[in-house]
Amino acid sequence: MKEATSQDIALVLQGGGTRGAFTAGVLDVLMENGITFPYVIGTSAGALNGVNYLSGDIGRSKFVTTELISDKKFVSFGNLLFRGSIFNFIYLFHEVPKTRYPFNSAAFNTSPSEFVVATTEMKSGKTAYLEKGVCKEFYKALAATSSLPLLARPVDVEGELYLDGGVGAAIPFRKPIEEGFSKIVVIETRERGFRKKVKSSPFKQFLARCMYGKYKQFLVEYKRRAEQYNLDAAEVERLDDEGVAFVVYPEVPPEVKLVEKDTDRLLRLYEQGHDVMTRQLPRLKAFMKGSKHEQKR
């Protein structure tokens, strides 16, 4: 358990597939203003955005979420058939930095911030947290947290199988609170008040049984994922109202799908995130006033 003071602040990054374009815009503003946090946790697209935040690569998440997404080598159902996921993570992690957009791996690897990603462990169906510097196959952990149910096979990370952390921790705010952080900054990819329909799609449940039938506990948690999301969203709103959390929401409901290919829509969502965070900077700085976390970029 981390011994944290009341001044410690953690950064929480919600998942949401290509709706992460909003988060990319928010994080670019934080980087442009030299704002960092001692602890960063993300789920799915939030985790992928977090990588570029720790490396200090302003604009890189924008490129991935608004441009690379249209590259069939990165996103296609052919990838699902031949690579086990609609997303080609080998291409994203190993080829893109060399051929399409550089990645400051040295800054990422030496960042003093703790970086944790939320995944779902297939055997238990429960949320598992994998940490940079502790997990030896961290890039596989990033692939696991971003492997969307029904659009990916489980990912083997150090001998255990995992999928997207969004099943039980789409907004992974509970972990830093358990670790002792007294304040959290949360970047969400849905508007305040958004709730998912609790009734599960029979077709999706059938498909989940076909793909993951031997993981009974996973199927139980997958079926109640909307209920868990709604509980977490309501709790974050309560923490926001009480001043424990500073939550950045899209002001206009995102018009993009979970896997969106319309680059104009994605760019508008990125710009909304950039604009919202720019206008909320004074409030964020007031919320952070007196904290121990560093502002040094």
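Computed from a prediction, not measured in an experiment: that's the story for all the values here. For every chain, the first residue of the written sequence is number 1, and numbering continues from 1 onward in sequence order. Reporting in this predicted model follows two pLDDT cut-offs: at least 70 for local features of residues, and 80 or more for side-chain atom pairs to be given and counted; totals over whole chains, interfaces and linings ignore these cut-offs and use all residues. Neither water nor hydrogens contribute to the side-chain values; these are computed over all heavy atoms in the structure.

Draft legend 1. Structural detail: the packing of helix α1 (residues 20–32) against helix α2 (residues 45–55). Axes here refer to lines fitted to C-alpha atoms; in helices the fit is confined to the stretch in contact. Angles between the N-to-C directions go from 0 to 180 degrees. Segments assigned H or I by DSSP are reported as helices when at least four residues long, segments assigned E as strands when at least two residues long, and all are numbered from the N terminus. The geometry of α1 relative to α2 is characterised by a closest axis approach of 10 Å and an angle of 25 degrees between their N-to-C directions. One way to sum up the angle between α1 and α2 is to call them roughly parallel. Judged by the twist between their axes, the crossing of α1 over α2 is right-handed. Residues G20, T23, A24, L27, L30 and M31 of α1 lie in contact with α2, whose contacting residues are A45, N49, G50, N52 and Y53. Any angle from 65 to 115 degrees is called roughly perpendicular, while one under 35 is roughly parallel, one over 145 is roughly antiparallel, and all others are oblique. Left-handed describes a crossing whose near helix is turned anticlockwise from the far helix through less than a right angle; right-handed describes the clockwise counterpart. Any two residues whose heavy atoms approach within 4.5 Å at even a single point are treated as in contact.

Draft legend 2. Representation of unusual backbone geometry. The phi dihedral of S44 is positive, around 55 degrees, even though this residue is not glycine. Unlike most non-glycine residues, E158 shows phi in positive territory, near 55 degrees.

Draft legend 3. Highlighting helix α11 (residues 216–223). Listed as buried for α11 are F218, L219, E221 and Y222. Along the axis of α11, the buried residues cluster in a sector spanning 165 degrees; they form a single face. Among the exposed residues of α11, those oriented more than 90 degrees off its buried face are K216 and K223. Looking at the packing, one finds that the buried side of α11 touches β3 (114–121), β6 (160–164), α8 (166–169), α10 (202–212) and α12 (225–241). The buried label goes to any residue with under 20% of its type's maximum accessible area, the exposed label to any with over 50%, and the partly exposed label to all in between, with areas taken from a 1.4 Å probe on protein chains only. This arc describes the spread of directions from the helix axis toward the C-beta atoms.

Draft legend 4. Layout of the pattern of salt bridges. Criterion for a salt bridge: a side-chain nitrogen of Lys or Arg within 4 Å of a carboxyl oxygen of Asp or Glu. Summed over all chains, the structure comprises 18 salt bridges. The shortest N-O distance in the salt bridge between R192 and D241 comes to 2.9 Å. Of this pair, R192 sits in the loop between β7 (183–187) and α10 while D241 is found in helix α12, placing the two residues 49 residues apart along the sequence. On the accessibility criterion, R192 (38% relative accessible area) is partly exposed. D241 gets classed as exposed once you look at its relative accessible area, which sits at 58%. Between R268 and E255 there is a salt bridge, with the nearest N and O atoms lying 2.7 Å from each other. Taken together, the positions of R268 in helix α13 (residues 263–288) and E255 in the loop between β8 (245–248) and α13 put the pair 13 residues apart, joining distant regions of the chain. Of the residues examined, R268 reaches a relative accessible area of 45% and is grouped as partly exposed. Taking the relative accessible area as the measure of exposure, E255 reaches 42% and is therefore partly exposed. Overlapping salt bridges bring together K257, E260, D262 and R265 as one network.

Draft legend 5. Quick look at the confidence of the model for the protein chain. Confidence scores here are pLDDT values: one per residue, from the predictor, ranging 0 to 100. The pLDDT averaged across the protein chain works out to 93; a share of 95% of its residues lies at or above 70. For residues 1–6, every residue scores under 50 in pLDDT, and the model assigns this stretch 15 contacts once sequence neighbours within four places are set aside. This stretch, residues 293–297, has a pLDDT under 50; its non-local contacts, to residues over four places away or in other chains, come to 20 contacts.

Draft legend 6. Geometry of the side chain of N88. Within the element layout of this structure, N88 appears in the loop between α4 (77–83) and α5 (89–99). Polar contacts here mean pairs of N or O atoms no more than 3.5 Å apart (in protein, one a potential hydrogen donor and the other a potential acceptor; neighbouring residues in sequence count only if both atoms are side-chain atoms). Of the polar contacts made by the side chain of N88, one reaches the backbone nitrogen of I90; its length is 3.3 Å. Every residue in contact with N88, bar those within four places of it in the chain, is listed here: K73, F74, N79 and R83.

Draft legend 7. Structural view of the packing of aromatic side chains. Aromatic rings from Phe, Tyr and Trp, taking only the six-membered ring of Trp, are treated as a pair when their centres fall within 6.5 Å; an angle between ring planes under 30 degrees marks them as stacked, one over 60 as edge-to-face, and anything in between as tilted. The full count for this structure, using the stated rule, is 15 aromatic pairs. Note on F74 and F87: the rings are 5.6 Å apart at their centroids and 45 degrees apart in plane angle, and the pair reads as tilted. Residue F74 is located in the loop between α3 (60–66) and α4, and its partner F87 is located in the loop between α4 and α5; the two are separated by 13 residues in the primary sequence. For the pair formed by F74 and F87, the shared burial category is buried. Judged by centre distance (5.9 Å) and plane angle (50 degrees), the ring pair of F103 and F108 falls under tilted.

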